[in-house]
Amino acid sequence: MSYHISTKSVQEGYSPENGQPRVTPIIQSTTFRFDSSEHIGKLFDLEVGGHFYSRLSNPTVEVPEKKIAAMEGGVGAMCTSSGQSASLMAILNICECGDNIISSSAIYGGTYNLFAVTMKKFGIDVVFVDMDASSEELQKHFNDRTKAVFAETLANPALKVLDFEKFSTLAHNNGVPLIVDNTFATPVLCRPFEHGADIVVHSTTKYLDGHAVALGGAIVDAGKFNWNNGKFPMLTTPDSSYHGIVYTETFREAAYITKARVQLMRDMGNMMSPMNAFLLNLGMETVALRIEKHSANALEVAKFLQTNDKVAWVNYPGLEDNSQYKLAQKYLPDGASGVISFGLKGGRADATKFMDSLKLAAIVVHVADVRTCVLHPASTTHRQLTEEQLKECGIGSDLIRMSIGIEYAGDIIDDIKQALAQI
Ligand SMILES: *Cc1c(COP(=O)(O)O)cnc(C)c1O
């Protein structure tokens, strides 16, 4: 039986048997007891399934993993300690020194740094491209060492909507997967696998948790990409660290996500903790409700801002006059999520004054939780970027990013009104 996304967010991942706890228990144990060494041997050889050490898998962490996989429509998922480690591992799973990927330049600042600086030190080159470039222009960046295309469904903080059709066609024509960061949309508003994506990554720290209590990330595998095209020997030839296992032969459509766990997670150890998995799962139970309210409130606030004469511009893909509106209608028909950005006529100086005058909305380095919050990216999350890089990411020095919470919209708007009156 295939349930609606709202039902999946509540029910998937854990089904207790007779007499077991109704709510996912927190299995705060690093290790598990077995009757025989022979059984553990089989677990190590991946001949039988089961948990044996929490760096690789844990019964509590498995709950949000199964839930996210079900919501995205994938064959499997792996939770990580943060969104950053999810992006890193999603790439490292298929890229080696000398390889390169093509990434949209309109991405989260942390991912941009990871790609532009740290990954380069690993010998993996990232070519940044303009999302609006034509397929012909984009095609010029591919070479025989290109291993993936990366983009965000709804870019943070540029709020550009991914043209899935263009990007997935391009990736597949070149025999590489499309990896999509679906953090801002969540699987409630957009399921990238339905639009040609092959791998999804999340910062679960944002809407999936939704309460700003637990860092986390996830990688989800659609199980549809054909790795057997000669480009991915790490999946199709024997792994010496697993006495010769060939992931695509043994794990078939789950080759990518299994390798990510049994090889990369084993070696790197950036696992999600059981406590954080419990909190994430609790948050996910209400994500469908929350994201609907976030989207409705954000649209109302964006429309209000458009009517105020101190506001120079408002960016929200749910606004009919927005450059992303058509793509949003196509890929985010149920709402454009809760983040808006805008600029004041007084620029950077007024931005600071406005933000300092807010009473309900707090200045925090975060987005996507139940409380309305505000941030000036150019002086915070993106401050390591040069003016030129900022422009590439679509961030002006006047840009205010506001993450609209699930409070009563009238109260959020009143707070903005009084803060605007201060400048
Ligand atoms: C926050 C964020 C990340 C990084 O996630 P962390 O959990 O903070 O490591 C990655 N991608 C997007 C779109 C984000 O908003």
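Residues numbered from 1 in each chain as written. Predicted model: local features only at pLDDT ≥ 70, side-chain atom pairs only at ≥ 80, totals over all residues. Heavy atoms only, no water.

(A) The site of the ligand, seen in detail. The ligand sits among 15 residues. The nearest are Gly83, Asp181, Ser203, Thr205 and Lys206. In the environment of the ligand, an oxygen atom lies 2.9 Å from a nitrogen or oxygen atom belonging to the side chain of Ser203. The separation between an oxygen atom of the ligand and a polar side-chain atom of Thr205 is 2.6 Å. Notes on the ligand: free accessible area 380 Å², of which the protein chains cover 93%. Of the residues in the shell around the ligand, the class split is three nonpolar, nine polar and three charged. (Near = heavy atom within 4 Å. Polar contact = N/O pair within 3.5 Å; in protein donor to acceptor, adjacent residues only side chain to side chain. Areas by Shrake-Rupley, 256 points an atom, 1.4 Å probe, with all protein chains shown as cover. Nonpolar A, V, L, I, M, F, W, Y, C, P; charged D, E, K, R; others polar.)

(B) Structural detail: the domain arrangement of the chain. Examined at the domain level, the chain breaks down into domain 1 (28-283) and domain 2 (288-420). Computed from C-alpha atoms alone, the centre-to-centre distance between domain 1 and domain 2 is 29 Å. Between domain 1 and domain 2, the contact holds 36 residues from the first and 39 residues from the second. Here domain 1 and domain 2 share an interface that buries about 3,000 Å² over both sides, 62% of which is from carbon and sulfur atoms. The three residues of domain 1 that bury the most area against domain 2 are Leu159, Leu189 and Tyr207, which together make up 25% of that side's buried surface. Counting across the interface, domain 1 meets domain 2 through one salt bridge. Measuring nitrogen to oxygen at the nearest pair gives 2.7 Å for the salt bridge that ties Lys330 to Glu165. Connecting domain 1 to domain 2 are 14 residue pairs in polar contact (both at pLDDT 80 or more). Counting only elements with at least two residues in the side of domain 1 that touches domain 2, the list comes to helix H5 (109-121), helix H7 (164-173) and helix H8 (186-189). Residue classes in the side of domain 1 that touches domain 2 are distributed as 20 nonpolar, 11 polar and five charged. (Domains from an automatic or database assignment. Contact = heavy atoms within 4.5 Å. Buried area = accessible area lost by both parts, 1.4 Å probe. Salt bridge = Lys/Arg side-chain N within 4 Å of Asp/Glu carboxyl O. Helix = DSSP H or I, 4+ residues; strand = E, 2+ residues; numbered from the N terminus.)

(C) Representation of the nonpolar core in the model. In this structure, Phe115, Ile179 and Ile219 are the most contacted members of the largest nonpolar core, which totals 103 residues. Looking at which element gives the most residues to this core, the answer is helix H11 (residues 255-268), with seven residues. Both domain 1 (28-283) and domain 2 (288-420) contribute no fewer than three residues apiece to this core. Setting aside chain neighbours within four positions, we find Phe115 in contact with Ile91, Ile101, Ser103, Ile107, Lys120, Val126, Phe128 and Phe150. The next biggest cluster of nonpolar side chains, apart from the first, holds 27 residues, and it includes Ala302, Phe342, Leu344 and Val374. (Core = buried A, V, L, I, M, F, W, Y, C linked by side-chain atoms within 4.5 Å. Buried < 20%, exposed > 50% of the residue type's maximum accessible area, 1.4 Å probe, protein only.)

(D) Representation of the side chain of Asn58 in the model. Its place among the elements puts Asn58 in the loop between helix H2 (37-44) and helix H3 (62-72). Judged by relative accessible area, Asn58 falls into the buried class, the value being 1%. Within polar-contact distance, the side chain of Asn58 engages the side chain of Ser54 at 3.0 Å. At 2.7 Å, the side chain of Asn58 and the backbone nitrogen of Thr60 are in polar contact.

(E) Representation of the sheet that holds strand S9 (residues 339-344). If you trace the five strands from one edge of the open sheet to the other, you get S8-S9-S12-S11-S10, paired in mixed fashion. In the strand order of this sheet, the two ends are held by strand S8 (311-315) and strand S10 (362-363), each with one partner. Where S8 and S9 come together, four bridges link them in antiparallel fashion. Along S9, the bridge assignment pairs Val311 with Leu344. Helix H15 (residues 347-357) rests against S9, S10, strand S11 (373-375) and strand S12 (400-403) of the sheet, and its axis sits at about 125° to S9. (Pairing = 2+ DSSP bridges. Axes fitted to C-alpha atoms, helices over the stretch in contact; angles between N-to-C directions.)

(F) Molecular detail of the environment of Thr169. Looking at where Thr169 falls in the secondary structure, it is placed in helix H7. Taking the relative accessible area as the measure of exposure, Thr169 reaches 41% and is therefore partly exposed. As for Thr169 and Ala302, which are separated by 133 residues in sequence, their C-alpha atoms are 33 Å apart.

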